[in-house]
Amino acid sequence: MSESTVSGQSDSPAVALGPTALVLGVSSAVGALGVFGSTLVLIALPWTIIAGALAIVLGAMGVHHARRGAGRLWAAMVGAALGAVGFFGTTALLWSLGG
């Protein structure tokens, strides 16, 4: 029993914030660009808004924790940026249609 039971910085759940934000941001940006086709865009529209908002929040938390040494800064920043593109792009599209 010579190993320490204290968790290290790489064991923190904060390490997963950047990659999670990146995946949600990519799905939000792809949904906002309409790559799915005309019928699937209407189905995916609410999910792009939700995924974009989550990517922004998780990306901001990921940047905070990455600056303290837990996680990857680039993944959190790219995820938050893609989430912002997807969220604000879809929201602007809905507002332009009068919804």
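See the structure above.
Now for a quick tour of the structure. Quick caveat: nothing in here was measured; it's all calculated off a predicted structure.

About the thresholds
- Residues numbered from 1 in each chain as written.
- Predicted model: local features only at pLDDT ≥ 70, side-chain atom pairs only at ≥ 80, totals over all residues.
- Heavy atoms only, no water.
- Helix = DSSP H or I, 4+ residues; strand = E, 2+ residues; numbered from the N terminus.
- Contact = heavy atoms within 4.5 Å.
- Areas by Shrake-Rupley, 256 points an atom, 1.4 Å probe, with all protein chains shown as cover.
- Expected span 1.5 Å × (residues − 1).
- Buried < 20%, exposed > 50% of the residue type's maximum accessible area, 1.4 Å probe, protein only.
- Core = buried A, V, L, I, M, F, W, Y, C linked by side-chain atoms within 4.5 Å.

1. Concerning the overall build of the protein chain
For the protein chain, the count of helices and strands is three helices and zero strands. Intrachain contacts of the protein chain at a sequence separation of at least 6 include 76% that bridge at least 24 residues. When the accessible surface of the protein chain is totalled, it reaches about 6400 Å², and 71% of it is carbon and sulfur.

2. Brief notes about helix α3 (residues 73–96)
Between its first and last C-alpha, α3 extends 34 Å over 24 residues, near the 34 Å set by a 1.5 Å rise per residue. All buried positions along α3 are accounted for by Ala75, Ala76, Gly79, Ala80, Gly83, Gly86, Thr90 and Thr91. Just past α3, the residue Gly98 takes up positive phi, approximately 90°.

3. Looking at the nonpolar core
By size, the foremost hydrophobic cluster in this structure holds five residues: Ala14, Leu17, Ala21, Leu58 and Ala70. Setting aside chain neighbours within four positions, we find Ala21 in contact with Ala55, Leu58, Gly59 and Gly79.

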